[in-house]
Amino acid sequence: MAALTIAAGTGNWFSALALGVTLLKCLLIPTYHSTDFEVHRNWLAITHSLPISQWYYEATSEWTLDYPPFFAWFEYILSHVAKYFDQEMLNVHNLNYSSSRTLLFQRFSVIFTDTLFVYAVHECCKCIGGKKVGKELTEKPKFILSVLLLWNFGLLIVDHIHFQYNGFLFGLMLLSIARLFQRQGLPILPRLVLNSWGQAIFPPWLTKVLGLQKRHMEGAFLFAVLLHFKHIYLYVAPAYGVYLLRSYCFTANRPDGSIRWNSFSFVRVISLGLVVFLISALSLGPFLALNQLPQVFSRLFPFKRGLCHAYWAPNFWALYNALDKVLSVIGLKLKFLDPNKIPKASMTSGLVQQFQHTVLPSVTPLATLICTLIAILPSIFCLWFKPQGPRGFLRCLILCALSSFMFGWHVHEKAILLAILPMSLLSVGKAGDASVFLILTTTGHYSLFPLLFTAPELPIKILLMLLFTIYSISSLKTLFRKEKPLFNWMETFYLLGLGPLEVCCEFVFPLTSWKLKYPFIPLLLTSVYCALGITYAWFKLYVSVLIDPPIGKTKKQ
Amino acid sequence: MEKWYLMTTVVLIGLTVRWTVSLNSYSGAGKPPMFGDYEAQRHWQEITFNLPVKQWYFNSSDNNLQYWGLDYPPLTAYHSLLCAYVAKFINPDWIALHTSRGYESQAHKLFMRTTVLIADLLIYIPAVVLYCCCLKEISTKKKIANALCILLYPGLILIDYGHFQYNSVSLGFALWGVLGVSCDWDLLGSLAFCLAINYKQMELYHSLPFFCFLLGKCFKKGLKGKGFVLLVKLACTVVASFILCWLPFFTEGEQTLQVLRRLFPVDRGLFEDKVANIWCSFNVLLKIKDILPRHIQLIMSFCFTFLSLLPACIKLILQPSSKGFKFTLVSCALSFFLFSFQVHEKSILLVSFMLPLLLKDELLMPSVVTTMAFFIACVTSFSIFEKTSEEELQLKSFSISVRTYLPCFTFLSRIIQYLFLISVITMVLLTLMTVTLDPPQKLPDLFSVLVCFVSCLNFLFFLVYFNIIIMWDSKNGRNQKKIS
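Residues numbered from 1 in each chain as written. Chains lettered and ligands numbered in written order. Predicted model: local features only at pLDDT ≥ 70, side-chain atom pairs only at ≥ 80, totals over all residues. Heavy atoms only, no water.

- An unreviewed UniProt entry lists chain B under the name Alpha-1,3-glucosyltransferase, with Aotus nancymaae as the source organism.
- The annotation that UniProt attaches to chain B under Sequence similarities (unreviewed entry) is "Belongs to the ALG6/ALG8 glucosyltransferase family."
- The heading Pathway (unreviewed entry) in the UniProt record of chain B holds the text "Protein modification; protein glycosylation." (UniProt positions renumbered as here; feature names shortened; annotations may be inferred.)

Encoded structure:
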């Protein structure tokens with residue numbers, strides 16, 4: 001009721017949106033949950049009942065702890081609340097335990113930690129101004145942005161149906177991005193002093209040291225913490241590193257926007273390094289002291305898994321695998337290949353396993369790493385040589401996330417959220433970005449559909465997807481109605497094609513006789529179709545970043 | 001409409017909430033021997049599919065009326081039959097005679113929930129959207145906010161998708177009726193309303209305003225000319241639609257009588273359980289149910305209902321206006337609920353009041369959540385707490401007329417605001433108490449009786465309030481006409 005009256009008292013649309021989505025999350029409690037539910041329950045049990053020295057050695061359950069230490073501590077803290085709900089879920093040997101109280105606790109822990117995400121969205125909306133068009137609330141960029149983030153379809157189904165804790169992690173990421181955007185960086189007291197006595201009283205070097213321009217240090221701090229929560233964010237670390245080095249450690253540019261080498265600030269580099277070092281020490285220090293670091297790393301980076309997940313994430317390798325399949329079928333038809341030599345294992349049969357390509361060369365982890373680096377490199381160069389402020393950094397971050405999604409080893413389809421959420425921030429700013437965002441989001445979200453395969457959740461995923469897609473497309477179209485249309489005919493055709501694809505995969509296919517013979521066809525179709533769209537979006541975004549004129553000339557520190 | 005996408009979003013939100021609520025438990029899940037309304041609906045599919053029409057409403061060896069016998073009008077039975085054909089196609093076990101009693105499975109639950117959703121999607125939701133689009137003199141934003149509030153209304157969602165019933169069908173038809181009548185498609189409107197009555201007899205609550213409004217329209221056009229033609233047309237439509245619905249039962253007099261007896265179970269007494277109407281609340285002080293003989297109870301309740309209806313209805317006949325019509329609909333339904341015979345707690349569709357029922361069905365979580373969602377939707381779109389003006393409460397004319405007699409009476413809107421807050425707070429407190437506290441041993445029904453009593457007071461207040469609006473509004477309208 002208290003929250004209600006706050007919402008009512010100020011007529012605040014933001015809290016209404018946040019509360020609305022929170023209530024929707026509460027309604028999603030009884031829905032299907034995946035094995036990740038058991039994974040997190042097991043981690044609760046491990047961190048609660050075992051000493052630190054055994055956290056990364058415990059292997060009673062097959063779902064061993066494979067997140068960095070901060071996440072383990074997070075589970076540790078949660079477990080001290082969990083014991084008031086149900087003591088039994090904290091027993092390591094109680095495998096696959098899920099009482100109704102356990103369910104309630106776990107679901108509520110996700111919903112509750114999402115408050116950090118809500119706060120981060122609030123901060124993002126404050127600092128990211130978009131195009132200003134109409135006076136009406138529903139046409140304001142801030143409103144659209146907060147709906148796009150808070151009601152994000154992917155986050156809703158991955159966190160609140162499938163079950164994971166992405167909400168607060170993305171909250172940390174968005175918060176650190178917001179801090180890099182924000183201009184006033186001082187705590188309240190100095191700001192007051194500054195305002196009352198005028199700016200002249202502070203010598204320029206002092207403002208620089210204090211980081212008055214932007215809250216870079218805070219952003220770096222948050223990102224370092226985030227890395228020690230979940231290491232998947234390493235994908236976007238290059239963007240952070242280069243941006244902070246280029247735009248924070250070098251305090252000035254030449255008039256033409258290129259770097260001024262003598263403006264390098266050692267104080268800033270050292271303070272940044274110190275922050276990152278201290279956080280890492282806090283996280284990994286105990287394990288270093290216990291001499292367990294190799295074990296921790298072997299848990300964090302399991303390279304024994306295959307190139308693709310059981311369901312191919314819609315990236316470059318999905319296209320590669322599909323091409324290989326097509327070639328092998330053609331080869332068999334035309335008698336170029338010997339049927340006896342072809343390995344029987346089919347990639348979509350459901351198990352995570354090594355897979356040998358029949359025609360094309362097999363892919364090694366090293367090859368994917370090299371591909372990823374090559375794909376990231378141009379965007380990094382772009383960030384270094386024509387820095388465009390925080391916006392340029394955001395683009396680079398998205399490109400890093402997308403490129404590693406495209407070429408990474410054993411990528412999960414959920415990783416697309418890493419690109420979608422930051423992209424939302426860009427989408428309200430420019431028509432071109434909005435167009436890329438819509439293609440990326442719609443295809444990316446559609447590619448999450450196979451996560452939920454049970455019948456009662458089918459209407460939910462379709463309804464929520466329609467809700468988000470219709471809202472995002474039409475609100476962004478209204479926002480950019482004065483510019484050229486967001487989609488060309490090809491893109492429109494592609495996006496409309498998702499509808500028939502869904503009908504075929506979920507409604508028509510189960511009725512056909514192929515259901516038993518080729519059960520993998522719907523997944524294969526989905527992932528190849530989505531891979532096309534995501535590759536296209538990636539390409540389009542890359543082109544727009546590379547040909548954009550630098551705005552560094554006008555920017556002065 | 002320029003904002004069509006917002007309307008689509010609103011509809012999709014409504015649908016999502018409906019489906020997520022439906023994932024929860026239903027009434028009487030796993031509780032033999034009688035189960036609950038879910039089993040009743042399934043049983044009707046079984047009966048209508050396996051027995052000939054003539055036996056639907058009769059007690060027989062195949063149709064035990066004590067076990068969820070059909071007690072709704074024919075349209076419900078036809079709907080059950082239609083669902084049964086689909087069920088037969090999917091899994092014949094679901095509707096096998098005798099053996100399917102108490103059948104429960106995940107797939108069957110999914111099927112039943114889907115039937116509700118489809119009925120809702122076909123009848124109720126289009127009616128709501130169209131109704132909100134046809135509202136006059138308000139901005140597009142307000143229309144969409146209206147639609148959101150109506151679609152998120154928790155009472156209907158919880159009873160239909162949690163507890164399990166098909167209220168949205170009859171309410172949807174009634175809404176189509178309202179829509180038709182207020183847009184001057186009188187024939188279509190009355191046809192839709194006849195369908196509503198033939199789906200659930202509860203819609204009779206709304207029948208008097210319909211009748212009065214249409215009659216008033218005829219009078220307005222002049223009974224000797226166009227009005228008479230309209231009246232005849234209307235009568236023909238109503239009679240024809242009724243005959244069409246009742247056709248299989250009109251062949252024998254006994255059939256019709258039996259159906260009517262099933263629909264209006266007069267012998268069940270003045271009230272059952274705890275209902276927030278006058279009789280039940282009065283029962284705390286005086287046990288009318290035991291003192292008076294049944295036929296006197298019947299006459300008494302009829303008289304009270306009729307008297308409470310009378311003023312609003314007469315007003316409507318004399319001055320038919322679509323605004324007055326809507327208010328009369330509400331006030332009539334309220335007075336029926338308060339004074340009439342054998343009322344069900346579900347018929348008011350108010351959440352706080354159905355709480356014991358929902359608790360029994362293990363629907364606490366969705367009910368709390370949807371109610372809060374509804375409140376937020378209402379609060380943010382209309383900000384009730386902020387600017388309650390007399391204008392918005394439609395009480396301007398009343399307060400003006402009162403002020404001429406009582407000059408000191410100027411705090412009306414403030415008073416109403418406080419009253420509203422107080423009643424909301426008491427309801428919330430009572431709800432909390434019912435959920436958390438155990439009642440004292442001597443009075444096991446303490447909380448539910450208290451809830452009944454408080455809501456009864458509230459309803460009485462609303463009845464008076466709506467009647468005041470109806471009475472004074474038309475006067476004001478006449479004054480305005482005089483001025484212009």
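## Remarks on the overall build of chain B
Piece 1. In terms of regular secondary structure, chain B is built from 21 helices and 0 strands.
Piece 2. In chain B, buried positions account for 52% of the 484 residues.
Piece 3. For chain B, long-range pairs separated by at least 24 residues make up 75% of all intrachain contacts whose partners lie at least 6 apart in sequence. (Helix = DSSP H or I, 4+ residues; strand = E, 2+ residues; numbered from the N terminus. Buried < 20%, exposed > 50% of the residue type's maximum accessible area, 1.4 Å probe, protein only. Contact = heavy atoms within 4.5 Å.)

## Description of the overall build of chain A
Piece 1. Helix and strand counts for chain A come out as 24 helices and 0 strands.
Piece 2. A burial count over chain A gives 56% of its 557 residues as buried.
Piece 3. If you take every contact in chain A between residues at least 6 apart in sequence, the share linking residues at least 24 apart comes to 80%.
Piece 4. As displayed, chain A offers around 24600 Å² of accessible surface, 70% of which is attributable to carbon and sulfur atoms. (Areas by Shrake-Rupley, 256 points an atom, 1.4 Å probe, with all protein chains shown as cover.)

## Here we look at a nonpolar patch on the surface
Residues and elements named next belong to chain A.
Piece 1. A cluster of nonpolar residues, L323, V326, L327, I330, L334, F336 and V359, forms a patch on the protein surface that exposes about 650 Å² of accessible area.
Piece 2. Relative to the assigned elements, V326 resides in helix 16 (residues 316–333).
Piece 3. Judged by its relative accessible area of 46%, V326 falls in the partly exposed class. (Patch = residues over 30% accessible without salt bridge, like charges linked within 9 Å, V, L, I, M, F, W, Y side chains within 5 Å. Salt bridge = Lys/Arg side-chain N within 4 Å of Asp/Glu carboxyl O.)

## Describing the interface of chain A and chain B
Piece 1. Opposite the 31 residues of chain A that make contact, chain B presents 30 residues.
Piece 2. For the pair chain A and chain B, the two sides together bury roughly 2900 Å², of which 83% comes from carbon and sulfur.
Piece 3. Here chain A is connected to chain B by 0 salt bridges.
Piece 4. With 12 residues, helix 21 (residues 457–479) of chain A is the single largest residue contributor to the side of chain A that touches chain B.
Piece 5. Taken together, the residues that form the side of chain A that touches chain B break down as 22 nonpolar, 6 polar and 3 charged. (Buried area = accessible area lost by both parts, 1.4 Å probe. Nonpolar A, V, L, I, M, F, W, Y, C, P; charged D, E, K, R; others polar.)

## So, the packing of helix 7 (residues 167–182) of chain B against helix 9 (residues 207–221) of chain B
All names here are of chain B.
Piece 1. Between helix 7 and helix 9, whose axes approach to 12 Å, the crossing angle comes to 15 degrees. The angle between the axes of helix 7 and helix 9 places the two elements in the roughly parallel class. Once helix 7 is placed against helix 9, the crossing between them reads as left-handed. Across from A174, G177, V178 and V181 in helix 7, the residues of helix 9 making contact are F210, F213, L214 and K217. (Axes fitted to C-alpha atoms, helices over the stretch in contact; angles between N-to-C directions. Parallel < 35°, antiparallel > 145°, perpendicular 65-115°, else oblique. Left-handed = near helix turned anticlockwise from the far one by under 90°.)

## Notes on the packing of aromatic side chains
Piece 1. Considering all chains together, one arrives at 57 aromatic pairs over all chains under this definition.
Piece 2. Judged by centre distance (4.9 Å) and plane angle (40 degrees), the rings of Y446 of chain A and F449 of chain A are tilted.
Piece 3. Given a relative accessible area of 4%, F449 of chain A falls into the buried group.
Piece 4. Above the face of the Y67 of chain B ring, R101 of chain B is positioned so that its terminal group lies 4.0 Å from the ring centre. (Phe/Tyr/Trp six-rings, centres within 6.5 Å; stacked < 30°, edge-to-face > 60°. Lys NZ or Arg CZ within 6 Å of the ring centre and 35° of its normal.)

## Examining the side chain of H163 of chain B
Residue and element names in this part refer to chain B.
Piece 1. If you trace the backbone, H163 turns up in helix 6 (residues 154–164).
Piece 2. On the accessibility criterion, H163 (5% relative accessible area) is buried.
Piece 3. At a separation of 2.9 Å, a polar atom in the side chain of H163 contacts the side chain of D37. (Polar contact = N/O pair within 3.5 Å; in protein donor to acceptor, adjacent residues only side chain to side chain.)

## Let's talk about the packing of helix 12 (residues 216–227) of chain A against helix 14 (residues 266–289) of chain A
Residues and elements named next belong to chain A.
Piece 1. Running from N to C, helix 12 and helix 14 cross one another at 25 degrees; their axes reach a closest spacing of 9 Å. By the criterion of interaxial angle, the relationship of helix 12 to helix 14 is roughly parallel. The two elements helix 12 and helix 14 meet at a crossing, and its hand is right-handed. Here helix 12 contributes M217, A220, F221, A224 and V225 to the contact with helix 14, which in turn contributes S271, L272, V275 and I279.

## Observations regarding the environment of Y166 of chain B
All names here are of chain B.
Piece 1. Relative to the helices and strands, Y166 is located in the loop between helix 6 and helix 7.
Piece 2. Y166 sits in the buried class, given a relative accessible area of 4%.
Piece 3. Separated by 34 residues in the primary sequence, Y166 and K200 have C-alpha atoms spaced 9.4 Å apart.
Piece 4. In this structure Y166 touches Q41, Q45, H79, C83, M112, T115, V116, D160 and Y199, once residues within four positions along its chain are discounted.
Piece 5. Here T115 takes part through its side chain, which lies 2.9 Å from a polar atom of the side chain of Y166.

## A few points about the pattern of salt bridges
Piece 1. In the structure shown here, the tally under the stated rule is 17 salt bridges over all chains.
Piece 2. With its nearest N and O atoms 2.8 Å apart, the salt bridge here joins K461 of chain A to E506 of chain A. Of the two residues, K461 of chain A sits in helix 21 while E506 of chain A sits in helix 22 (residues 489–508), which places them 45 residues apart along the sequence.
Piece 3. Judged by relative accessible area, which is 27%, E506 of chain A ranks as partly exposed.
Piece 4. With a shortest N-O distance of 3.9 Å, R261 of chain B and E254 of chain B are connected by a salt bridge.
Piece 5. Within this structure, E123, K126, R179, R215 and E218 of chain A form a network of salt bridges that share partners.

## Digging into the confidence of the model for chain B
Residue and element names in this part refer to chain B.
Piece 1. For chain B, mean pLDDT is 78; residues scoring 70 or higher make up 77% of the total.
Piece 2. Confidence scores differ between elements of chain B, with helix 18 (residues 390–393) showing the lowest mean pLDDT of 47 and helix 3 (residues 74–90) the highest of 93.
Piece 3. Note that residues 474–484 has pLDDT below 50 and, in this model, 4 contacts with residues that lie over four places away or in other chains. (pLDDT = per-residue confidence, 0-100.)

## Quick notes on a positive patch on the surface
Piece 1. Among the surface-exposed residues, K140 and K142 of chain A together with K141 and K142 of chain B lie close enough to one another that they form a single positively charged patch.
Piece 2. Along the chain, the position of K141 of chain B falls in helix 5 (residues 140–151). (Lys, Arg positive; Asp, Glu negative; His and termini not counted. Charge placed at Lys NZ, Arg CZ, Asp CG, Glu CD.)

## Thoughts on the nonpolar core
Piece 1. If you look at the biggest cluster of nonpolar residues, it comprises 272 residues, and the most contacted ones within it are I177 and L476 of chain A.
Piece 2. Here the element with the most residues in this core is helix 4 (residues 106–134) of chain B; it accounts for 13 residues.
Piece 3. Residue contributions to this core reach at least three from each of two domains, namely domain 1 (167–257) and domain 2 (358–449 + 468–472) of chain B.
Piece 4. Every residue in contact with L476 of chain A, bar those within four places of it in the chain, is listed here: I144, S427, V428, A434, F437, L438 and L486 of chain A.
Piece 5. Grouped together as the second largest cluster of nonpolar side chains are 16 residues, F337, L338, L463 and F466 of chain B included. (Core = buried A, V, L, I, M, F, W, Y, C linked by side-chain atoms within 4.5 Å. Domains from an automatic or database assignment.)

## A closer look at helix 6 of chain B
Piece 1. In terms of burial, helix 6 of chain B is largely enclosed, as 11 of its 11 residues are buried.
Piece 2. For helix 6 of chain B, every residue scored as buried is listed here: P154, G155, L156, I157, L158, I159, D160, Y161, G162, H163 and F164 of chain B.

## Some thoughts on the side chain of S328 of chain A
Piece 1. For S328 of chain A, the position within the fold is in helix 16.
Piece 2. For S328 of chain A, the contacting residues outside a window of four places in its chain are L337, T358 and V359 of chain A.

## Some words on the confidence of the model for chain A
Residues and elements named next belong to chain A.
Piece 1. In this model, chain A carries an average pLDDT of 83, and 85% of its residues clear a pLDDT of 70 or more.
Piece 2. Across residues 184–201, confidence stays below pLDDT 50; counting only partners more than four residues off in sequence or on other chains, it has 13 contacts.
Piece 3. Counting interchain partners and residues more than four positions distant, the pLDDT-below-50 stretch residues 345–353 has 19 contacts.

## Quick word on unusual backbone geometry
Residues and elements named next belong to chain A.
Piece 1. For F163, which is not glycine, the phi dihedral falls at a positive 85 degrees.
Piece 2. Along the chain, F163 turns up in helix 8 (residues 153–163).
Piece 3. Judged by its relative accessible area of 0%, F163 falls in the buried class.
Piece 4. Of note, N291 is a non-glycine position whose phi angle comes to about 65 degrees, a positive value.
Piece 5. Within the element layout of this structure, N291 appears in the loop between helix 14 and helix 15 (293–300).
Piece 6. In this structure N291 comes out as exposed when scored by relative accessible area, which is 65%.

## Some words on helix 3 of chain B
Piece 1. Taking 1.5 Å per residue as the helical rise, helix 3 of chain B with its 17 residues ought to reach 24 Å, and the 25 Å between its terminal C-alpha atoms agrees with that figure.
Piece 2. On the buried face of helix 3 of chain B, the contacting elements are helix 2 (37–50), helix 4, helix 7, helix 8 (186–199) and helix 10 (226–246) of chain B. (Expected span 1.5 Å × (residues − 1).)

## Considerations on the state of the cysteines
Piece 1. Following the criterion strictly, the structure yields 0 disulfides over all chains and no others.
Piece 2. C400 of chain A provides the cysteine sulfur closest to C396 of chain A, a residue in no disulfide bond, and the two sulfurs are 4.2 Å apart.
Piece 3. Left unpaired, C183 of chain B is separated from the closest cysteine sulfur, that of C134 of chain B, by 4.3 Å.
Piece 4. A relative accessible area of 28% places C183 of chain B in the partly exposed class. (Disulfide = S-S within 2.5 Å.)

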